[in-house]
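Residues per chain are reported as follows:
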Amino acid sequence: MIPRQETVTFSEMETLQYGARIGSTLTPGTVVALSGPLGSGKTTLVKGIARSLGISTAVTSPTFTIIQEYQGIMPLYHMDLYRIDSLEEFDLLGAEEFFYDQGVTVIEWSEKISSILPSTTIHISCRIEQDQSRTITVGEAS
Ligand SMILES: Nc1ncnc2c1ncn2[C@@H]1O[C@H](COP(=O)(O)OP(=O)(O)O)[C@@H](O)[C@H]1O
Ligand SMILES: [Mg+2]
């Protein structure tokens, strides 16, 4: 388990850069679970991760498509489960197999499927502070 680490970002650019830093440490087969409310910076982190994987296609919020696939130095599977209401609904997508693929899977609203995430999942939570800065916590509270 990764030791818990908190980082505060003060702009979109800083969140993007922090995402790129996280991305540069990821190895094939890693699942990254992003939790936190709407607007807290999850998609921005994914954009940074994509950049560090050499993906030049613009990463958008795949709210309606649920899963978006990008090709970089390894595949990136970006899932946004905002519109998923239950684990059963997620199961119907057949998307769990991506977790065990040789790509990086990054999941927004991962709290909705927490019970089926691999034990090696990297957990990242995002929080909006009153001054609009974002607190990004990597690793789980112990
Ligand atoms: N540290 C920050 N300070 C201010 N705005 C930020 C910060 N990080 C990200 N943002 C902005 O917050 C907005 C929502 O971010 P987004 O990544 O789409 O959130 P989410 O995917 O969690 O809904 C974006 O416009 C983004 O530019
Ligand atoms: Mg988002």
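Residues numbered from 1 in each chain as written. Chains lettered and ligands numbered in written order. Predicted model: local features only at pLDDT ≥ 70, side-chain atom pairs only at ≥ 80, totals over all residues. Heavy atoms only, no water.

Asks: Which parts of the structure should I look at to understand the pairing of strand E4 (residues 75-80)?
Replies: Along any regular strand, the residues point their side chains to alternate faces of the sheet. Across the six residues that make up E4, a large majority, six, are buried. Where burial is concerned, the two faces of E4 agree: the one with Pro75, Tyr77 and Met79 and the one with Leu76, His78 and Asp80 are both buried. As judged from the five bridges shared by strand E3 (residues 67-71) and E4, these two strands associate in the antiparallel manner. In the sheet register, Tyr70 faces E4, and the bridge partner there is Leu76. (Buried < 20%, exposed > 50% of the residue type's maximum accessible area, 1.4 Å probe, protein only. Helix = DSSP H or I, 4+ residues; strand = E, 2+ residues; numbered from the N terminus. Pairing = 2+ DSSP bridges.)

Asks: Please clarify how the coordination of the magnesium ion (ligand 2) should be interpreted in this entry.
Replies: When a metal carries six donors in an octahedron, the ideal angles between them are 90 or 180 degrees, while four donors in a tetrahedron ideally lie at 109.5 degrees. Within the protein, Thr43 (OG1) and Glu108 (OE) serve as the donor atoms for the magnesium ion (ligand 2), at 2.1 to 2.2 Å. With a gap of 65 residues between them, Thr43 in helix H2 (residues 42-52) and Glu108 in strand E5 (residues 104-108) connect regions that are remote in the sequence. Summarising the burial analysis for this pair, Thr43 and Glu108 share the class buried. (Donors = N, O, S within 2.8 Å, 3.2 Å for Na, K, Ca; no water.)

Asks: Looking at this structure, I do not really get the sheet that holds E4. What am I missing?
Replies: Strand pairing in a sheet is mediated by backbone hydrogen bonds. Such pairs are either parallel or antiparallel. Strand order in the open sheet formed by seven strands is E1-E7-E6-E2-E5-E4-E3, and the pairing between neighbours is mixed. The sheet terminates laterally at strand E1 (5-9) and E3, the two strands that pair on one side only. Adjacent strand axes in the sheet meet at a mean angle of 20°, parallel and antiparallel pairs treated alike. In the sheet, E1 pairs with strand E7 (residues 134-138) via five bridges, with the strands oriented antiparallel. Residue pairing for E7: Thr7 is matched across the bridge by Ile136. Contacts between helix H1 (residues 12-23) and the sheet are confined to E1, strand E6 (122-128) and E7, with E1 contributing the most and set at about 145° to the helix. Packing of H2 onto the sheet brings it into contact with strand E2 (31-35), E4, E5, E6 and E7, and relative to E5 it is tilted by some 165°. (Axes fitted to C-alpha atoms, helices over the stretch in contact; angles between N-to-C directions. Contact = heavy atoms within 4.5 Å.)

Asks: So what exactly am I meant to see when it comes to the site of ligand 1 here?
Replies: Within the structure, ligand 1 sits among 16 residues, and Thr15, Gly39, Lys42, Thr43 and Thr44 are positioned closest to it. Between ligand 1 and Glu12 there is a distance of 3.3 Å, counted from an oxygen atom to a side-chain nitrogen or oxygen. At 3.0 Å from an oxygen atom of ligand 1 is found a main-chain nitrogen or oxygen belonging to Gly41. Within the complex, the protein chains bury 74% of what would otherwise be the 570 Å² of accessible surface of ligand 1. Looking at the shell around ligand 1, the elements that each hand over two or more residues are H1 and H2. For the shell around ligand 1, the element with the most residues is H2, which contributes three residues. (Near = heavy atom within 4 Å. Polar contact = N/O pair within 3.5 Å; in protein donor to acceptor, adjacent residues only side chain to side chain. Areas by Shrake-Rupley, 256 points an atom, 1.4 Å probe, with all protein chains shown as cover.)

Asks: Explain the environment of Ile22 here, please?
Replies: Within the element layout of this structure, Ile22 appears in helix H1. Relative accessible area serves as the criterion here: at 10%, Ile22 is assigned to the buried category. Considered as a pair, Ile22 and Leu45 are 23 residues apart in the sequence and their alpha carbons are 8.5 Å apart.

Asks: So what exactly am I meant to see when it comes to the nonpolar core here?
Replies: Within soluble globular proteins, side chains that are nonpolar generally end up buried alongside one another. Ile22, Leu45, Leu76, Val106 and Ile124 are the most contacted members of the largest nonpolar core, which totals 22 residues. Sorting the residues of this core by element identifies H1, E2, H2, E5, E6 and E7 as the ones contributing at least two each. Among the elements that make up this core, the one with the highest residue count is H2 (four residues). Beyond its immediate sequence surroundings of up to four residues, Ile22 is in contact with Leu45, Ile49, Ile124 and Val138. Formed by 14 residues, the second largest nonpolar core is a distinct cluster that contains Met79, Phe99, Ile116 and Leu117. (Core = buried A, V, L, I, M, F, W, Y, C linked by side-chain atoms within 4.5 Å.)

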